[in-house]
Amino acid sequence: MRAALLVANWKMHGTLGEARALATSVRDGIKRPRGVEVVLCPPFTALPAVAEVLAGSPIGLGAQNCHWEVTGAFTGEVSPAMLADLGCRLVIVGHSERRQHFGEIDAQVNLKLRAALAHGLTPLLCVGESADERRQGLTFTVVEGQLRAGLGGVSPDDLGRCIVAYEPVWAIGTGVNATPTQASEVHGYLRGLLSELASKEIAETVRILYGGSVKPDNAGELCREPEIDGALVGGASLQAQAFLGIVRKAAARGGATPKE
Ligand code: PEP
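Summary of the structure given here. As the structure is a prediction and not an experimental result, all values here were calculated from the model.

Quick word on the overall build of the protein
When its secondary structure is counted, the protein shows twelve helices and eight strands. At 17 Å, the protein has a C-alpha radius of gyration in line with the 18 Å of a compact globule built from 260 residues. Overall, the protein is about 45 × 45 × 35 Å in size when its C-alpha atoms are taken along their principal axes. Evaluated residue by residue, the protein yields a buried proportion of 51% over its 260 residues. With the model as given, the accessible surface of the protein reaches about 11,000 Å², and the carbon-plus-sulfur share is 54%. When the 25 positive and 27 negative side-chain charges of the protein are each reduced to one mean point, those points stand 7 Å apart.

Describing the sheet that holds strand β2 (residues 36-41)
The strand order around the closed barrel built from eight strands is β1-β2-β3-β4-β5-β6-β7-β8, with neighbouring strands paired in parallel fashion. In this sheet, adjacent strand axes meet at a mean angle of 25 degrees when their direction is disregarded. Sheet topology note: the strand β5 (residues 122-127)/strand β6 (residues 163-166) ladder contains four bridges and is parallel. Considered in β6, the bridge of L124 is made with I163.

A closer look at the packing of helix α11 (residues 216-223) against helix α12 (residues 240-252)
Here α11 crosses α12 at 20 degrees, and the two axes come no closer than 8 Å. Of the possible angle classes, the one that applies to α11 and α12 is roughly parallel. Here the hand of the crossing between α11 and α12 comes out right-handed. Residue-level contacts link P216, D217, A219, G220 and C223 of α11 to A242, G245, I246, K249 and A250 of α12. When the residues that make up the contact of α11 with α12 are grouped by side-chain class, the tally is six nonpolar, two polar and two charged.

Side note on the pairing of strand β8 (residues 230-233)
Residues in a regular strand point their side chains to alternate faces of the sheet. Alternating positions in β8 separate into two faces, G230 and L232 on one and A231 and V233 on the other, with burial throughout. As paired strands, strand β1 (residues 4-9) and β8 are joined by four bridges and run parallel to one another. Note that in β8 the partner of L5 across the bridge is G230. Of the pairings in the sheet, the one linking strand β7 (residues 208-211) to β8 comprises two bridges and is parallel in character. Paired with Y210 across the strands is A231, a residue of β8. With α11 bridging β7 and the parallel β8, this β-α-β connection has right-handed handedness.

Comments concerning the site of the ligand
Around the ligand lies a shell of 14 residues, among which K11, E167, G173, S213 and G235 are the nearest. Between the ligand and H95 there is a distance of 2.8 Å, counted from an oxygen atom to a side-chain nitrogen or oxygen. Here G235 contributes a backbone N or O atom positioned 2.8 Å from an oxygen atom of the ligand. In isolation the ligand exposes 290 Å². Once the protein is present, 97% of that is buried. The residue makeup of the shell around the ligand, split by class, is four nonpolar, eight polar and two charged.

Structural notes on the layout of surface pockets
Estimates place the volume of the largest pocket at around 480 Å³. What lines the largest pocket is a set of 19 residues, and nearest its centre among them are M12, Q64, N65, R98 and F102. Sorting elements by how many residues they give to the lining of the largest pocket places helix α4 (residues 96-102) first, with four residues. Along the lines of polarity and charge, the residues of the lining of the largest pocket split into eight nonpolar, seven polar and four charged. Of the pockets and cavities examined, the second largest pocket occupies roughly 230 Å³. If you trace the second largest pocket, you find 14 residues lining it, with S96, R99, G128, Q146 and V169 closest to the centre. Broken down by secondary-structure element, the contributors of at least two residues to the lining of the second largest pocket are α4, β5 and α7 (139-150). In terms of residue count, the dominant contributor to the lining of the second largest pocket is α4 (three residues). Tallied by class, residues from the lining of the second largest pocket come to four nonpolar, six polar and four charged.

Quick word on the side chain of Q64
When you line up the elements, Q64 lands in the loop between β3 (60-63) and α3 (80-85). A polar side-chain atom of Q64 sits 3.0 Å from the main-chain carbonyl oxygen of K11. A polar contact of 3.0 Å, which involves the side chain of Q64, links it to the backbone oxygen of C41. Beyond its immediate chain neighbours, meaning those up to four positions away, Q64 contacts N9, W10, K11, M12, C41, P42, P43 and I92.

Reading the values: rules and limits
- Residues numbered from 1 in each chain as written.
- Predicted model: local features only at pLDDT ≥ 70, side-chain atom pairs only at ≥ 80, totals over all residues.
- Heavy atoms only, no water.
- Helix = DSSP H or I, 4+ residues; strand = E, 2+ residues; numbered from the N terminus.
- Rg over C-alpha atoms; globule rule 2.2 N^0.38 Å.
- Buried < 20%, exposed > 50% of the residue type's maximum accessible area, 1.4 Å probe, protein only.
- Areas by Shrake-Rupley, 256 points an atom, 1.4 Å probe, with all protein chains shown as cover.
- Lys, Arg positive; Asp, Glu negative; His and termini not counted.
- Charge placed at Lys NZ, Arg CZ, Asp CG, Glu CD.
- Pairing = 2+ DSSP bridges.
- Axes fitted to C-alpha atoms, helices over the stretch in contact; angles between N-to-C directions.
- Parallel < 35°, antiparallel > 145°, perpendicular 65-115°, else oblique.
- Left-handed = near helix turned anticlockwise from the far one by under 90°.
- Contact = heavy atoms within 4.5 Å.
- Nonpolar A, V, L, I, M, F, W, Y, C, P; charged D, E, K, R; others polar.
- Right-handed = clockwise from strand over helix to strand, strands pointing away.
- Near = heavy atom within 4 Å.
- Polar contact = N/O pair within 3.5 Å; in protein donor to acceptor, adjacent residues only side chain to side chain.
- 1 Å grid on protein atoms, 1.4 Å probe; cavity = no way out; pocket = protein on both sides within 12 Å on 5 of 7 lines; lining within 4 Å.
- Points joined across faces, edges and corners; volume = space filled by probe spheres on them.

On their own, these measurements won't tell you what the molecule is for.
What follows is the structure, encoded as structure tokens:
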């Protein structure tokens with residue numbers, strides 16, 4: 001069974017003091033996780049402070065975005081090499097908010113994903129349809145296009161180092177989550193595509209997370225689905241107790257509970 005993974009996306013929230021306090025509460029609430037991995041993705045500005053708080057703990061550090069070049073005249077950007085240098089192990093690419101508000105296109109997402117791999121980071125590739133696309137019956141077409149484009153030119157072995165998040169845009173920050181059945185059918189479809197792009201064996205190892213209004217009271221039923229390997233959590237990851245509640249529910253999926 002794939003170990004469950006919970007990734008906290010703090011988005012553009014948190015002064016240094018707030019980030020330190022939140023990371024400390026999460027760290028102290030998950031001393032010895034069993035059957036679950038946890039990664040915190042604070043804003044760039046808080047990465048060094050959160051890295052310090054998490055040092056020596058089993059909780060990983062991740063970033064919310066990156067550029068694809070190593071260095072250069074790219075004002076305002078941060079490279080995967082810089083993230084690796086700070087101790088990040090994961091980077092989110094293709095989040096729908098980046099696609100929506102910053103005009104990121106699949107070709108850029110692909111460059112970011114490949115650059116992340118080249119610098120030893122685990123890319124977490126986000127895919128998901130809008131409400132309109134779902135209404136028009138385009139869910140599978142949209143996620144397939146995003147997955148194929150995002151993973152273009154990636155070798156089967158490197159594909160095995162990636163994580164995918166299915167994040168229906170209509171569920172992000174809305175309080176309306178996809179049902180376990182809705183999420184499962186998309187996850188199953190994505191895994192089938194991964195088999196085609198790599199191999200069945202490799203596809204079986206890739207974690208596919210669900211994201212979109214995950215809360216302590218829906219995390220259990222979502223994470224119990226065999227195709228759902230954990231969650232990418234936005235809003236609820238900003239409150240330590242809510243996030244810890246989600247972690248406990250996800251850990252219980254494999255019959256384990258994180259030791260306090
Ligand atoms: C996200 O930002 O990836 C996300 C899933 O947000 P929320 O949990 O707030 O819906």
